[in-house]
Each structure stands twice: as structure tokens, then as C-alpha cells.
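Results of the structural survey
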Amino acid sequence: MRLGDRFRIIPVCPETMGGLPTPRPAGERQPDGRVVTAAGDDVTAFYELGASATVEVAAVTGATDAVLKARSPSCGCHEVYDGTFRQRLVSGEGVTAAALREAGVRIQSEEDLEAEQ
């Protein structure tokens with residue numbers, strides 16, 4: 001909320017923008033880049049659609065920075081879960097984090113902001 005004192009905030013949920021419901025089954029990025037639920041459903045297309053829509057929002061609004069949810073299969077920007085659904089973290093990025101970075105948007109997690117405080 002304090003960021004709103006200094007910056008224009010544009011709240012976005014890439015997973016919802018990609019067509020997934022809230023709440024939704026947890027998904028994890030697989031080593032090959034796909035996103036799969038614990039039940040084995042491949043939801044990659046939803047994550048890719050949401051990432052594309054988020055990049056478009058960033059472009060249209062002129063966003064240069066994004067604060068993303070740590071460890072998310074969409075928004076994780078330092079680590080993501082390893083795809084085994086055993087709560088193991090590996091270095092890597094979520095689908096949206098990678099797309100935003102490729103589009104030239106500076107990304108960080110909410111935990112990065114907390115560390116700066």
C-alpha cells in the first residue's frame with residue numbers, strides 16, 4: 001500500500017487474466033517449462049495467455065517495474081517450486097516473470113521490497 005504513495009499501482013493477476021478460476025488448483029513449473037497441477041493437468045496455455053496479457057498491460061500503461069509474488073509459477077522471479085509438489089525450491093522464474101523481463105520490465109518480488117525496508 002505504501003508504494004501507492006509514490007507510484008501508480010496497476011493490480012494484475014496473470015493467472016486470472018489467462019482464464020484460471022479463483023481459487024484454483026496449485027500448479028508448478030516443470031523442468032521443461034510447462035505448468036502442471038498436482039492432478040496432472042497441463043495448464044501451461046492459461047499461464048502463457050496470462051503472461052501475454054500482463055505484458056500487454058505493461059506496454060499499454062508504460063509500466064517499467066513490476067512487483068511480483070514470490071515463488072509463484074507465474075510471478076516467481078528468483079525461485080519457483082521444482083514441479084514435484086514437495087515444496088522444494090529451485091532457481092528460476094515463473095511464466096509471467098520471464099515474459100516481463102524479456103519485454104524489458106524490471107521485476108522484483110514483494111520479498112525484495114520487504115528486505116529494502
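See the structure shown above.
Nothing here was measured: the structure is a model prediction, and the numbers come from that model. Position numbers for residues count from 1 along each chain, tracking the sequence in the order it is written. Only residues with pLDDT of 70 or above have their local features reported here, since the model is predicted, and side-chain atom pairs are shown and tallied only from 80 upward, although totals for entire chains, interfaces and linings are computed over all residues. Hydrogens and water are ignored here; the side-chain numbers use all heavy atoms of the structure.

Okay, the pattern of salt bridges next. Any Lys or Arg side-chain nitrogen found within 4 Å of a carboxyl oxygen on Asp or Glu counts as a salt bridge. One pass over the structure, following the stated rule, counts seven salt bridges. Two residues, Arg 24 and Glu 15, come together in a salt bridge whose shortest N-O distance is 2.5 Å. Burial status follows relative accessibility: with a 1.4 Å probe on protein chains alone, a residue under 20% of its type maximum counts as buried, one over 50% as exposed, and anything between as partly exposed. Its relative accessible area of 10% is what places Glu 15 among the buried residues. Across the pair Glu 93 and Arg 101 runs a salt bridge, and its minimum N-O distance is 2.5 Å. Exposure remark for Arg 101: the relative accessible area of 43% places this residue in the partly exposed category. One network of salt bridges, in which partners are shared, links Asp 32, Arg 34 and Asp 42.

Moving on, we come to the nonpolar core. Among buried residues, those of type Ala, Val, Leu, Ile, Met, Phe, Trp, Tyr and Cys that are joined through side-chain atoms within 4.5 Å constitute a nonpolar core. Counting nine residues, the largest nonpolar core consists of Ala 58, Ala 66, Leu 68, Cys 75, Cys 77, Ala 97, Leu 100, Val 105 and Ile 107. Elements represented by at least two residues in this core include exactly strand E3 (65-68) and helix H3 (95-102). In this analysis, two residues are considered to be in contact whenever any of their non-hydrogen atoms come within 4.5 Å of each other. Excluding residues within four positions of it along the chain, Cys 75 makes contact with Pro 14, Leu 68, Lys 69, Gly 94 and Ala 97. By size, the runner-up hydrophobic cluster in this structure holds seven residues, among which are Leu 20, Val 43, Ala 51 and Ala 99. Starting at the N terminus, helices and strands are each numbered in turn, a helix being any DSSP run of H or I of at least four residues and a strand any DSSP run of E of at least two.

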